[in-house]
Amino acid sequence: MTAPPAISPKLCNRLKRYLHTGNELPKYYPGCWTSHKYFEADRLPVIDEILRGGVSNVEVVNIIVQAGKDGWYTRFETIAFALAKCLMVGNTVVKEAAYKAAVEICVTPEQMMLFHKFTRLLKTGNGRGWCKSVKDWYTSKDPMELAKEMTRVRARHGRSHKTLLRKSHMKIPENDYARDAVVKYAIFGLKRAKQILGDKPECKEIFEHISKVEDIRHCEDPVAAAALVTANQFTLDHVPGHLLTSQTVWTAVLPQLTLEELLFHIQRIHNMGFLTNDSPTTAVLVSLLSNQDVIKKSKVTPLAVYIAMCNYKKKTKPMKFEKAKVVAEKEQRRRTRQIFDNKNDQWVWITNRRHPKEIKNWGIDLPPNPAVLAALNNLIDQTWLLTPPTNARYLITMDMRHHMFKGRHFCKNFVVAKKSKKTATKTTPSGGGDADTEKKSRKHLLAECFYNKNVTPGHAAIILALQILKREKQVSLAVFTEEGVQLVSIEPNFSNIEEAEFVLRKANLGRVQLDAPIQMAMKASLKFDVFIDMVDRSTRYMELDKNARAGRGLGGRYGPPPAAQVDVSDHCPVRALYAYRKQSGIKDAKLIVMNLASHRVGTTNGHHEGVLDIIGIDEYVPKVMDAFVLGQFK
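The numbers attached to residues start from 1 for each chain and follow its sequence in the written order. Restriction of local features to residues with pLDDT of at least 70 applies here, the model being predicted, together with a cutoff of 80 or more for giving and counting side-chain atom pairs; totals for whole chains, interfaces and linings are based on all residues. In computing side-chain properties, one takes all heavy atoms of the structure into account and sets aside hydrogens as well as water.

As annotated in an unreviewed UniProt entry, the chain is TROVE domain-containing protein from Arctia plantaginis. Of the chain, the UniProt comment under Sequence similarities (unreviewed entry) reads exactly: "Belongs to the Ro 60 kDa family." UniProt positions are given in the numbering used here, feature names are shortened, and annotations may be inferred rather than shown by experiment.

As a further point, take the overall build of the chain. Of the regular secondary structure elements, the chain holds 26 helices and 13 strands. Overall, the C-alpha framework of the chain stretches about 100 × 80 × 60 Å when taken along its three principal axes. Here the term buried applies to any residue with accessible area under 20% of the maximum for its type, exposed to any over 50%, and partly exposed to those in between, with areas from a 1.4 Å probe on protein chains only. Burial statistics for the chain: of 634 residues in total, 51% are counted as buried. The contact criterion used throughout is that any non-hydrogen atoms of two residues lie within 4.5 Å. At a minimum sequence separation of 6, the contacts of the chain that also span at least 24 residues come to 70%. Using a 1.4 Å probe, accessible areas were evaluated by the Shrake-Rupley method; residue-level cover was limited to the displayed protein chains. Split by element, the accessible area of the chain, about 32,100 Å² in all, is 51% carbon and sulfur. A run of DSSP states H or I qualifies as a helix once it reaches four residues; a run of E qualifies as a strand once it reaches two. Both are numbered from the N-terminal end.

This part is about the pattern of salt bridges. For this analysis, a salt bridge means a side-chain nitrogen from Lys or Arg found within 4 Å of a carboxyl oxygen belonging to Asp or Glu. With the rule as written, the count across this model stands at 28 salt bridges. Of the charged contacts in the structure, one is a salt bridge between glutamate 149 and arginine 152, with a shortest N-O distance of 3.0 Å. Here glutamate 149 pairs with arginine 152, and both are found in helix α8 (residues 143–152), just three residues apart, close to one helical turn. Just as glutamate 149 is buried, arginine 152 falls in that class too. Here aspartate 365 ties to arginine 335 by a salt bridge, and the two come within 3.2 Å at their closest N and O atoms. Residue aspartate 365 is located in the loop between β5 (346–349) and α20 (370–382), and its partner arginine 335 is located in helix α19 (residues 321–335); the two are separated by 30 residues in the primary sequence. The same class applies to aspartate 365 as to arginine 335, namely buried.

With that settled, the discussion passes to empty space enclosed by the protein. Cavities and pockets were defined on a 1 Å grid built over protein atoms only: a cavity is a set of grid points that admits a 1.4 Å probe from which the probe cannot escape, a pocket is an open set flanked by protein on both sides within 12 Å along at least five of seven lines, and lining residues are those with an atom within 4 Å of any such point. Grid points are joined across faces, edges and corners, and a volume is the space filled by probe spheres set on the points. All chains considered together, the criterion is met by two cavities of 30 Å³ or more. Looking at the largest cavity, its volume works out to about 60 Å³. Only α22 (457–471) and α26 (621–629) provide two or more residues apiece to the lining of the largest cavity. Amino acids are sorted into nonpolar (Ala, Val, Leu, Ile, Met, Phe, Trp, Tyr, Cys and Pro), charged (Asp, Glu, Lys and Arg) and polar (every other residue, Gly among them). Partitioned by chemical class, the residues of the lining of the largest cavity number eight nonpolar, one polar and two charged. By volume, the second largest cavity is sized at about 50 Å³. Together, Ala102, Val103, Cys106, Met112, Phe115, His116, Ser133, Val134 and Trp137 line the second largest cavity. Its residues assigned to classes, the lining of the second largest cavity shows seven nonpolar, two polar and no charged.

In structure tokens, the structure reads:
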């Protein structure tokens, strides 16, 4: 039997890009994960190309397993979907390897159920291979660990332990009473499981833990539930829904949460009115946000903290139109039971009786707590060094002009409005006798970070640059100028966000030319491994003179080089990178172009290695950048 052909480097890179960014092209879109179309059967065609013709190429599964073990992926959805796609298009050998990989990679119940969600969506079937993988997952864990995980997570992503165990026809060995007790509990419940296996000494500890979880799930008293949470260190997953509107329960649960979970739930706690100045919940939250043990256990980035702080200032996360419309309707109904207090500039409830649907939003109109904002601001300075360094040499160039910090604004220039073809324009004689047919209006510009509109591009760029500056040994910061770029000196150990912003905005600022940092490094013979350009939108190239746009297509996208007979310089950043590699001898030099306020970007056409476009920001952008610099995907 002949060995399967090796996967070509281009196909391998396409697969790795998807596993790390959710996109086969060298682009990272933060908002792509909110759409179901990214997990349909026709997605990820690279696996179809690799396994075309029934080739038994198990290497594709090995790449997925390695990406899952390295932990550089941003979300587990890509790993689970890729394995499910192997089941859909692979032959028997590939399917067997994919099922084994799923048991190895899916550590938590959430990950395991997410994988089985995709197997159901892609209709891969529930045959013997599927049944064996489910059995292997439940038998690979220690019985007590399995009991804790199954009581913490009973169902996720439309899958439950009961459904999976029933469909797989799970059978436990005769002497494994502890594991059998967990399985019987998941299928029949605690009462029936005790009737079957209650007299076995191996099951005593298992049933005691399950009984404690069942006590809190059936508890109606918030004070008693809070005592159970504190005594048993239960997490938020153990608390039933009818207790999640109790401040006492939330105060008891907060110490069990990780720093990432605390940042995620701040707005939720505030909306219920629990973060007042004299609230015990506020005191617990502020103490946890400054707790060094909690901080060191996490890998939170300063950008994630800053996004959470900006969202809390605005009292909401960025929402899509459909959800924003529903929120506006709820606000309109809420105003009928409120009155506006002119002294405090707040909406105040005129009733003490809370409707069940209003409990979760009882404090949504309260201003953000200053103590929480101060704790979040201090937390940024505590998270600069939480992620490990990449030991690469960086040149980070930023556009620091005023439009990077304005947010939503109107431009000063007037533009001519489009005329309607159906109605004739009514002319008015002017002083010179000519007809004034131009109707002028102001153009609305959005200088907000794509997918996170509460963050301005300038501050996002500064935070990302400072994190790399404080963490790495060889980093140079620069700003775009009319002549090219200007290096800026910032002290890494003693500079904060405000000081860095003052220094950067004070420099000699000018228009953006994406190839200028590379050209400067070539002229000065400087050695860099990574070039990072941070701008709000790639269409800034339209500000340049026509001779300075050569080598770039419409909207600043990748374009062909200028003709040889034309005396115009080529300003394509990708071709400049390739020239820098040849001159400096750094074959793996990389280019990252960040378009913080626009999704219309195309620095490369997808056929160049070592180039990455990042559109907008989210809390995973620093991780994507580190993985790209370390060569996890090219």
